[in-house]
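Below are the chains, spelled out letter by letter.
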Amino acid sequence: QVTLRAGAELDARRVNQYTLTLWAACPGEDEVEERLFVRVTAGQVLHCDAPFASAEGDVVRVPADVAPRTPLYAVLPQPLGGLTVSGSCPGGVPTLLLPVSLQFRLQNHDTPLMLTRRGLVLAPAGGFDPSKDTQTFRLDIEVMDRHGHNCSGAVRVEVLPSRRPRVTFLEPQWAVTVPESTGPLEVVTRVHASGDNVRYAILAPMAPALFTIDEVTGEIRSTRRLEVAHARLLVRAYNALHPTDHATATLNVTVQGTDRRAPSCVPAIAMSQVPETLSPGSTLVTLRCTDPAGTEGHLRYALEGPLASRSHFRMEGPRLQINTTLDYDSEAMAAVGFQFTATIVVTAGGQPPRSTQVPVLVTVTPVNEFTPACPNGAIFTVPETAAFGSAVGRVAGTDRDYPPESLEYSLEGGTSPVQPFSIDTRTGEIRVVGPLDAQRHRSYRLTVRLTDTRNDLDPARRRSRLCDVAVRLQAVPDQAPVCTPEVQELRIAAGLGSRQPVTRLACQGRPEGTTLAYAITGGNEDRRFQLEGNTLFYLPDDLAEPCTFVLLVEVWGSPGALRRSTVVALVVHVTPRSTPVPPSTTTRRTTLQKEPLVITRTEAVWHPPAWFVAVLTISGALLLAALGCLARSLLSR
């Protein structure tokens, strides 16, 4: 029997005939040699491509919350006659590209996945179990055409855990008590489960139906007037789009008789305001509770609420006491807003137990315990030529009391010629507010008072500290003068006098008080202009037509070897007079329109705080009222 070798592929277009030489021999006989001719003819061949035909198979990854019977994979015939495999996400499986009659058969049946006659791999009818970790399923698929040609391949489906939040109840079991007078369709309680598209349903008991539930809101209502009884409800919460994602909880409903009243307490709401220095063991509230059944001696008191409240307070019988120190200046106290909320549960004996809840609100008030602290090494340096409003530095005082940004700064001795500085009362920033006398002072010694505010319930309880601050003057080398503006355009009419003034230069030396020198360095070749100090004069002559002169004036300060100077440009338009005028006629100058020069100057101003304005207004009103009363008394006499 001659068979085709495993893995061999026949291609009639390349080789259409094979010649096989066969030898055969029987025992005791001669060997026989014959030839076998194998002719290969062209025809449709079924072939499965990788990765479907590989040993590992093709891989498809889908989430666990995919809907039941969702297409996950498709085996597709291609136009070239071979068979290839393509996969897609749920809902996006491509259609067949060529109408070829193929049969698909699943070789292994140990998988919940389904294979259709069209070669589609579907999710299980009940969906995947979303509670498990990654799951893997393998499908071995055999494909056969109508001629009996077949090939096989494998698909491996990896089910990944769902990223969608699971439907869960915060508590799997809870109880609720309602009075027996509860009427039909009154709200008994409300259940809540976390998750997406959550719906609710009551699984048990189905009869008698004492309660109904709103499938969207989870509100449970009574269907009839309730009598003294106890009901156990089994409530299911599920995802409306994925019903397999569900959770179950138990609700115990107790219908209590009207004669089973809970204890009553005075006060019904406990509110207390305590300073932070109150010692542990101090009593804040003492409850006076009575039981309608007359069992006051069997009342139990328990404190419930956030962990912070239960750690700072405790119950000693009916007395609410401080358990640990109440530190107002801690971050933990600021995180709770300096208030603690809790609930005192007073329970009486009996079946079922009867309890009363007393809400508690404790507010902690601050106490000014600490004195402000001065910064280390408060030494600042400022140029001796610092202008008005220049920042010197910031005194960063600290206070261990809360709030930390509650210091008020003041300068001892105030602002004076010998102390040309001011300090911001809120930020502690020191600024220059007067001329600095570098010849008499190489440094200034300031005394800053730090005063804490808003650190105590009583505003009069303040603490302060004096801090020494040194301000050193830094010598500044001579700088070039500053002229305003540096470019001028002027227009004058030539007079008949010996000379007429044109303009006066406005320049300032650095440092202030430096004597300045002026000289025309360009544009005055015919000597028509003359400088005396900072004043420019025009020397009239027999000018027949209007003329424009561009002058360059150099301004400098100290006459040292390294001279720093500034050059001012002057554009002068001179117009000759057409008729003679008296010598006393005033020269008229006009200035051409030019681009506006924007000068920005920052000045430090004092903005008094709101309380100062309020005190000043009230004081003024009282003074006016006192003067009015005094005038009235004098007039009446």
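The rules behind each value
- Residues numbered from 1 in each chain as written.
- Predicted model: local features only at pLDDT ≥ 70, side-chain atom pairs only at ≥ 80, totals over all residues.
- Heavy atoms only, no water.
- UniProt positions renumbered as here; feature names shortened; annotations may be inferred.
- Pairing = 2+ DSSP bridges.
- Helix = DSSP H or I, 4+ residues; strand = E, 2+ residues; numbered from the N terminus.
- Axes fitted to C-alpha atoms, helices over the stretch in contact; angles between N-to-C directions.
- Patch = residues over 30% accessible without salt bridge, like charges linked within 9 Å, V, L, I, M, F, W, Y side chains within 5 Å.
- Areas by Shrake-Rupley, 256 points an atom, 1.4 Å probe, with all protein chains shown as cover.
- Salt bridge = Lys/Arg side-chain N within 4 Å of Asp/Glu carboxyl O.
- Phe/Tyr/Trp six-rings, centres within 6.5 Å; stacked < 30°, edge-to-face > 60°.
- Lys NZ or Arg CZ within 6 Å of the ring centre and 35° of its normal.
- Buried < 20%, exposed > 50% of the residue type's maximum accessible area, 1.4 Å probe, protein only.
- 1 Å grid on protein atoms, 1.4 Å probe; cavity = no way out; pocket = protein on both sides within 12 Å on 5 of 7 lines; lining within 4 Å.
- Points joined across faces, edges and corners; volume = space filled by probe spheres on them.
- Nonpolar A, V, L, I, M, F, W, Y, C, P; charged D, E, K, R; others polar.
- Core = buried A, V, L, I, M, F, W, Y, C linked by side-chain atoms within 4.5 Å.
- Contact = heavy atoms within 4.5 Å.
- Disulfide = S-S within 2.5 Å.

Looking at an unreviewed UniProt entry, one finds the chain named CDHR4 protein, with Nyctibius bracteatus as its source organism. What the UniProt record of the chain gives under Subcellular location (unreviewed entry) is the line "Membrane".

Enquirer: It is not clear to me how the sheet that holds strand β13 (residues 187-190) should be interpreted in this structure. Could you clarify?
Expert: Sheets are built from strands that pair by backbone hydrogen bonding, the pairs being arranged parallel or antiparallel. The strand order across the open sheet formed by 3 strands is β13-β17-β16, and the pairing between neighbours is antiparallel. Strand pairing shows two members of the sheet lacking a second neighbour, β13 and β16 (211-213), which therefore form its edges. In this sheet, adjacent strand axes meet at a mean angle of 25° when their direction is disregarded. For β16 and strand β17 (residues 219-222), the ladder comprises 3 bridges, and the chain directions are antiparallel. Looking at β17, one finds that I213 is bridged to I220.

Enquirer: Before we go on, may I ask you to explain a nonpolar patch on the surface in this structure?
Expert: A contiguous nonpolar patch, built from V2, L4, L10, V15, Y18, L22, L36 and V38 and spanning about 630 Å² of accessible area, is present on the exposed surface. Secondary-structure elements contributing two or more residues to the nonpolar patch are β1 (17-24) and β2 (32-39). Tracing the chain through its elements places L36 in strand β2.

Enquirer: When you look at the UniProt feature "transmembrane region" (unreviewed entry) in the chain in this model, what are you seeing that I'm missing?
Expert: Under the feature "transmembrane region" (unreviewed entry), the UniProt entry names residues 610-631. Secondary structure content for residues 610-631 is 100% helix and 0% strand, while the C-alpha to C-alpha distance between its ends is 32 Å.

Enquirer: Any chance you could explain the packing of aromatic side chains here in plain terms?
Expert: One pair of aromatic rings is described through two measures. These are the centre distance and the angle between the planes. For the coordinates displayed, the defined rule picks out 10 aromatic pairs. A ring pair is formed by F338 and Y402, whose centres lie 5.0 Å apart and whose planes are at 55°; its orientation type is tilted. Of this pair, F338 sits in the loop between α2 (331-335) and β27 (339-348) while Y402 is found in the loop between β30 (391-394) and β31 (407-411), placing the two residues 64 residues apart along the sequence. Put simply, the rings of Y328, F338 and Y402 pair up and form one aromatic cluster. Here the guanidinium or amino end of R400 rests over the ring plane of F370, the centre of that ring lying 4.0 Å away.

Enquirer: How should I be thinking about the sheet that holds strand β10 (residues 150-160) in this particular structure?
Expert: An order of β3-β10-β9-β6 is seen for the 4 strands of this open sheet, with the pairing classed as mixed. Edge positions in the open sheet fall to β3 (58-63) and β6 (102-106), since each of these has one partner strand only. With strand direction ignored, the average angle separating the axes of adjacent strands in the sheet is 30°.

Enquirer: Help me understand the pairing of strand β25 (residues 313-316) in this model?
Expert: Every regular strand shows the same layout, with side chains that alternate between the two sheet faces. With burial as the criterion, only one face of β25 is covered, namely that bearing F313 and M315; the residues R314 and E316 on the opposite face remain uncovered. Note that β25 and strand β26 (residues 319-322) share 4 bridges and pair antiparallel. Pairing of F313 across the sheet is with I322, part of β26. Hairpin connection, β25 to β26: the antiparallel pair is bridged by 2 residues, and G317 has positive phi, about 70°.

Enquirer: Explanation requested: empty space enclosed by the protein in the structure shown.
Expert: Summary: where empty space remains is shown by rolling a probe the size of a single water molecule over the atoms. For the structure shown, the criterion picks out 4 cavities of 30 Å³ or more. Forming the boundary of the second largest cavity are A64, D65, V66, P68, G126, G127, F128, H242, P243 and T244. Here the lining of the second largest cavity is composed, by residue class, of 5 nonpolar, 4 polar and 1 charged.

Enquirer: Explain the nonpolar core to me, please; I cannot follow it from the model alone.
Expert: Considering soluble globular proteins, one finds that nonpolar side chains tend to be buried as a cluster. Counting 26 residues, the largest nonpolar core has F313, L320, L326 and I344 as the members making the most contacts within it. The set of elements that each furnish at least two residues to this core consists of β21 (270-275), β22 (283-286), β25, β26, β27 and β28 (354-365). Per element, the largest residue contribution to this core is 5 residues, and it comes from β27. Beyond its immediate chain neighbours, meaning those up to four positions away, F313 contacts L284, L303, L320, Q321, I322, N323, L326, F340 and V362. Counting 25 residues, the second largest nonpolar core, distinct from the first, contains L102, V121, C151 and V155.

Enquirer: It is not clear to me how the environment of A506 should be interpreted in this structure. Could you clarify?
Expert: Looking at the secondary structure, you find A506 in the loop between β38 (500-504) and β39 (507-510). With sequence-adjacent residues up to four places away left out, A506 is seen in contact with V482, C483 and T484.

Enquirer: Just checking my understanding: could you explain the state of the cysteines for this structure?
Expert: This structure, assessed with the given rule, holds 4 disulfides. Between the sulfur atoms of C48 and its disulfide partner C151 the distance amounts to 1.8 Å. Taking the sign of the torsion about the S-S bond as the criterion, the disulfide between C48 and C151, at about 55°, is right-handed. Taken together, the positions of C48 in the loop between β2 and β3 and C151 in strand β10 put the pair 103 residues apart, joining distant regions of the chain. Taking the relative accessible area as the measure of exposure, C48 reaches 7% and is therefore buried. Since its relative accessible area comes to 12%, C151 is described here as buried. Linked covalently through their sulfurs, C374 and C467 form a disulfide whose S-S length is 1.8 Å. Residues C374 and C467 share a disulfide whose torsion about the S-S bond is about -85°; that sign makes it left-handed. With C374 in the loop between β28 and β29 (379-383) and C467 in strand β35 (residues 464-474), the pair connects residues that are 93 residues apart, well separated along the chain. The class of C374 is partly exposed, set by a relative accessible area of 27%. Here the disulfide map of the chain reads 1-2, 3-4, 5-6, 7-8, the bonded cysteines being numbered as they appear in the sequence.

Enquirer: Explain unusual backbone geometry to me, please; I cannot follow it from the model alone.
Expert: Generally, phi is negative for residues other than glycine and the peptide bonds are trans, each holding for most cases. The omega angle of the peptide bond from A50 to P51 is 5°, so this bond is cis rather than trans. Summarising the element assignment, P51 is placed in the loop between β2 and β3. Here the bond from Y402 into P403 is cis, since omega is 0°, no more than 30 degrees from zero. In this structure, P403 sits in the loop between β30 and β31. If you check the backbone angles, F338 has positive phi at about 60° while not being a glycine.

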